[in-house]
Amino acid sequence: MLQVVIMHTLIPITSPLFLVGAELDEQPAWSTIFGNDNPLVLEIGCGIGDFVVAMATRHPELNFIALDFYNKGCLKSCKRADRAGLTNVRIVRDEARTFIRRCLPLASLQAVFINCPDPWPKRCQRKRRLVNQEFVSFMEPYLKPGALFHFATDFDDYGVDVANLLRRQAGFENLLAPDHWRHDLEGFPRTKYMLKFMAEGKEIYFVQYRRRAEE
Ligand SMILES: C[S@@+](CC[C@H](N)C(=O)[O-])C[C@H]1O[C@@H](n2cnc3c(N)ncnc32)[C@H](O)[C@@H]1O
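Residues numbered from 1 in each chain as written. Predicted model: local features only at pLDDT ≥ 70, side-chain atom pairs only at ≥ 80, totals over all residues. Heavy atoms only, no water.

Caption draft 1: Region of the structure containing the UniProt feature "binding site: substrate" (unreviewed entry) in the chain. Here, UniProt's "binding site: substrate" (unreviewed entry) annotation points to Lys122 and Asp154. With respect to the helices, strands and loops of the structure, Lys122 is situated in the loop between strand E5 (109-115) and helix H5 (133-139). Along the polypeptide, Asp154 turns up in the loop between strand E6 (143-153) and helix H6 (156-167). Owing to a relative accessible area of 5%, Asp154 belongs among the buried residues under this scheme. The contact partners of Asp154, leaving out residues within four places of it in the chain, are Phe197, Lys202, Glu203 and Ile204. (UniProt positions renumbered as here; feature names shortened; annotations may be inferred. Helix = DSSP H or I, 4+ residues; strand = E, 2+ residues; numbered from the N terminus. Buried < 20%, exposed > 50% of the residue type's maximum accessible area, 1.4 Å probe, protein only. Contact = heavy atoms within 4.5 Å.)

Okay, here's the thing in structure tokens:
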């Protein structure tokens, strides 16, 4: 039987801010990579890099690692970060859980941001969603005590599910209490997908917790 193999060529990314997760040492020295010991912040699914560039511009005292497994997204993110002249950002092409396990020490993150992750809207696809109970339990030890866990989506049931499961996670406390989620966070940068959904009249669900300091 004739097998047709479709090869996708990856557009090379030459930015000095770009890293390929699989080519990094296990547990790389982030202080050497960034040239300082500033706290680490992770963005999962950075898309075109608009959010990480806005945040890294506002917070030069933090080092941002923006992850995406989509090469074209990494390319666009690198171009945006290069244009902004940022040195406190690295764009990493990798799958989130693979990268976190291999490359991040426990209790190393000051914050994790997940904006508009793929929604897998059909009921039968929901098990593919990135953020679920297992993921939150997996992520928790990588956060420093007091670190932020930020999640945003336009999908009502995804937003409500994540708010509910974080509520049950003893190691986290709700930063938006008494609300379980908000549809607006003043001053928070809007991502490409947030703006697209808002233009369609949809509401964004923002959920923000922090890892408890005392455990
Ligand atoms: C719907 S887009 C949202 C992009 C951006 N955060 C925004 O709000 O505009 C989701 C992004 O997450 C990336 N992504 C999804 N699952 C991922 C995973 N497990 N590891 C790394 N990237 C992932 C996709 O490639 C895509 O770029």
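Caption draft 2: The arrangement of the sheet that holds strand E2 (residues 40-44) in detail. Here 8 strands make up an open sheet; going across it, the order is E1-E4-E3-E2-E5-E6-E8-E7 and the pairing mixed. Here the strands that pair on one side only, and so sit at the sheet edges, are strand E1 (18-20) and strand E7 (172-174). Within the sheet, the average angular offset between the axes of one strand and its neighbour, ignoring direction, is 20 degrees. One ladder, built from 6 bridges, connects E6 with strand E8 (residues 205-211); its direction is antiparallel. Of the residues in E8, the one forming a bridge with Phe149 is Tyr209. Sheet contacts for helix H4 (residues 96-103): E2, strand E3 (63-68) and strand E4 (89-93); angle to E2, the most-contacted strand, approximately 160 degrees. (Pairing = 2+ DSSP bridges. Axes fitted to C-alpha atoms, helices over the stretch in contact; angles between N-to-C directions.)

Caption draft 3: Layout of the nonpolar core. With 37 residues, the main nonpolar core has Trp30, Leu42, Ile44, Phe99, Leu104, Val131 and Phe149 as its most contacted residues. Sorting elements by how many residues they give to this core places H6 first, with 5 residues. With near-sequence residues (within four places) excluded, Val131 lies in contact with Ile114, Val136, Phe149, Phe151, Tyr158 and Val162. Core analysis: the second largest hydrophobic core is formed by 33 residues, Val41, Met55, Leu176 and Phe188 among them. (Core = buried A, V, L, I, M, F, W, Y, C linked by side-chain atoms within 4.5 Å.)

Caption draft 4: Spatial organisation of the site of the ligand. Taken together, 15 residues surround the ligand, and among them Gly45, Asp68, Glu95, Asn115 and Thr191 come closest. For the ligand, a nitrogen atom lies 2.8 Å from a polar atom in the side chain of Glu95. Expressed as a share of its isolated accessible area of 600 Å², the protein-covered part of the ligand is 91%. For the shell around the ligand, a count of residues per class yields 6 nonpolar, 4 polar and 5 charged. (Near = heavy atom within 4 Å. Polar contact = N/O pair within 3.5 Å; in protein donor to acceptor, adjacent residues only side chain to side chain. Areas by Shrake-Rupley, 256 points an atom, 1.4 Å probe, with all protein chains shown as cover. Nonpolar A, V, L, I, M, F, W, Y, C, P; charged D, E, K, R; others polar.)

Caption draft 5: Representation of the confidence of the model for the chain. Across the chain, the average pLDDT comes to 96, with 96% of residues at or above 70. Per-element averaging of pLDDT across the chain places H6 at the bottom with 96 and E2 at the top with 99. (pLDDT = per-residue confidence, 0-100.)

Caption draft 6: Representation of the environment of Arg129 within the structure. Position of Arg129 among the secondary structure elements: in the loop between E5 and H5. Residue Arg129 is classed as buried on the basis of its relative accessible area of 4%. Spatially, the C-alpha atoms of Arg129 and Pro119 are 6.5 Å apart, while their sequence positions differ by 10 residues. Not counting chain neighbours up to four residues away, the residues in contact with Arg129 comprise Asp118, Pro119, Trp120, Pro121, Asp157, Tyr158 and Asp161.

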